[in-house]
Amino acid sequence: MEIAQKMRGHLKSFKHQNWDNNDQKVKFISILKNQVHLYNRFLWLVVRYCAVKDRVVNSSLAKKTSILCRDILEINSIIKAGKSFNSHLSKLIMALKDQNNDKIQSELSNFAEDPCLDVRFDDDSNITLSLSRWYCVTSQIYSDYIGTPSTEIEVRGEIFVTKKLFFNDIFATGKSLNYLNYKTFLCIIKEISFYNDHQLNDNDFIIRFHGYSIQHCKCNLFYDCADYGDLFEYFQNNHNSSEHFYLSKWINKIKLAWGISIGVKYLHNQKIVHLDLRSENILLKYDEKEETLMPKISNFLWSREIYSGKTSAYPIITLSSGEEVWKRWYDPDRLRNKKRYDFLPPSDIYSLGLLFWEIAWCKPKNLPFKDVPIKNLYNHLTYNNYEKLPEFPDEYQCWGFLINGMWKLKAEDRCNIMTVELSMGKLFKGTDSP
């Protein structure tokens, strides 16, 4: 805090200085960017330290101690870099005030070549850059346009605490983790990296990510606000609505399912499997131009890259009561806990089939195989037990055939996302479906 306050004071003085030499200005901007990365890294190290210090699940004391020691060493090196930065900045301001070009050049060179500012990290530098890119200062976040800090009521879910707020003058949803541990810490970084590296904001059927902030050792993620909540919530409250854009009409169900399949196709083309496709992770926004509800795929904590060779982290979730309900959408091989199970696109296709089943019925309290305990679900599926589909209108009979091809027991027997998306598109447009 002391270092940051000194920096603020220096930078206020610095704003009044003029550069005569553009090369010197470019050099200084490069130094500033490096300091931004160090500051961002510092915040994440503090969050990780807090996550590991109190709760490392299934980790040995040696591993826990190793992580903590490494974090403390890095934190100390960044604090040392901050002190050096302030010292150099003070000298550079004096040189600029004297308008002595040789002195300015000398101070810039000392600034750029100081080994204390060149802090190296063991892990992926690209992750550090992507985290810096999406970081937002807390002054950008308000509950209204006047500038009052957000005091909205929080909604606590299985994994996230969410609340609505204004972010950079747009209505947004802020999400923070219910449970901070090392695994969920890694999952948050993974989600931010996916948005950065795979341009997830480019797809209209994936929820738009706006950035994150860190306050009180807690990471807050900011996304587009979903006017109509999530699809599971919709099934509980609006399933009988007669509004023209609601899902009481079959054509609207088809369009919604098609939109989700477009989003999943984009993920698979980006070599990402979602691994948690269910109604609670499909958010709904009203599209004024199309006058319809648009689905937005969310929550990439379970997701992983296909064939990347990277080890993916998965969240560890502690439930005070009840079952791990999300496992009802797992495909059979995943339910079986196969040690060498490959998380590949067919796993998403199975979950998507059950999601389409939810949309087709569009009724409350409708969980897959809700009368079967999760521990018995795999055995139940091996006897070719499937959920019952509703009676489809004649023009949409093909949707039922498609769903039956998506939730096959064996992964190799399931259709792929190209077939799913093409079929749903043809159903919506009223052309013949394969």
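Refer to the structure presented above.
Predicted model, so just to flag it, every value in this text is computed and none were measured.

A.B. asks: Sorry, what's going on with unusual backbone geometry here?
C.D. replies: Positive phi, close to 50°, is recorded for C362, a residue that is not glycine. Among the secondary structure elements, C362 is positioned in the loop between helix 10 (345–361) and helix 11 (374–382). The backbone of N384 sits at a positive phi, close to 55°, despite the residue not being glycine. Along the polypeptide, N384 turns up in the loop between helix 11 and helix 12 (397–406).

A.B. asks: When you look at the packing of aromatic side chains in this model, what are you seeing that I'm missing?
C.D. replies: Where two aromatic rings form a pair, the distance of their centres and the angle of their planes describe that pair. A full pass over the atoms with the stated rule returns 23 aromatic pairs. On the numbers, 5.2 Å between centres and 45° between planes, the contact of W134 with F209 is tilted. Within this pair, whereas W134 is found in helix 5 (residues 125–134), its partner F209 is found in strand 5 (residues 209–215), the two being separated by 75 residues in sequence. Comparing W134 with F209 shows no difference in burial state: the two are buried. Here the aromatic rings of Y195 and F300 are separated by 5.7 Å at their centres, their planes lie at 90°, and the arrangement is edge-to-face. Taken together, the residues span a long stretch of sequence, with Y195 in helix 6 (residues 182–197) and F300 in the loop between strand 9 (292–297) and strand 10 (304–305) at a distance of 105 residues. Residue Y195 is classed as buried on the basis of its relative accessible area of 3%. Given a relative accessible area of 0%, F300 falls into the buried group. Through successive ring pairs, a cluster of aromatic residues spans Y39, W44, Y135, Y182, F185 and Y212. Over the aromatic face of F160 sits the side chain of K175, whose NZ or CZ is 4.0 Å from the ring centroid.

A.B. asks: Where do I start with the packing of helix 3 (residues 61–98) against helix 4 (residues 101–113) in this structure?
C.D. replies: Working note: a packed helix pair is described by the angle between its axes plus the distance between those axes. One can describe the packing of helix 3 onto helix 4 by two numbers: an axis separation of 9 Å at closest approach and a directional angle of 170°. Between helix 3 and helix 4, the angle falls in the class roughly antiparallel. Seen along the crossing, helix 3 lies across helix 4 with a hand that is left-handed. The residues of helix 4 that touch helix 3, namely those facing F85, H88, L89, K91, L92, A95, L96 and D98, are K103, I104, E107, L108, N110 and F111. Of the residues assigned to the contact of helix 3 with helix 4, the class counts are eight nonpolar, two polar and four charged.

Scoring rules and cut-offs
Residues numbered from 1 in each chain as written. Predicted model: local features only at pLDDT ≥ 70, side-chain atom pairs only at ≥ 80, totals over all residues. Heavy atoms only, no water. Helix = DSSP H or I, 4+ residues; strand = E, 2+ residues; numbered from the N terminus. Phe/Tyr/Trp six-rings, centres within 6.5 Å; stacked < 30°, edge-to-face > 60°. Buried < 20%, exposed > 50% of the residue type's maximum accessible area, 1.4 Å probe, protein only. Lys NZ or Arg CZ within 6 Å of the ring centre and 35° of its normal. Axes fitted to C-alpha atoms, helices over the stretch in contact; angles between N-to-C directions. Parallel < 35°, antiparallel > 145°, perpendicular 65-115°, else oblique. Left-handed = near helix turned anticlockwise from the far one by under 90°. Contact = heavy atoms within 4.5 Å. Nonpolar A, V, L, I, M, F, W, Y, C, P; charged D, E, K, R; others polar.

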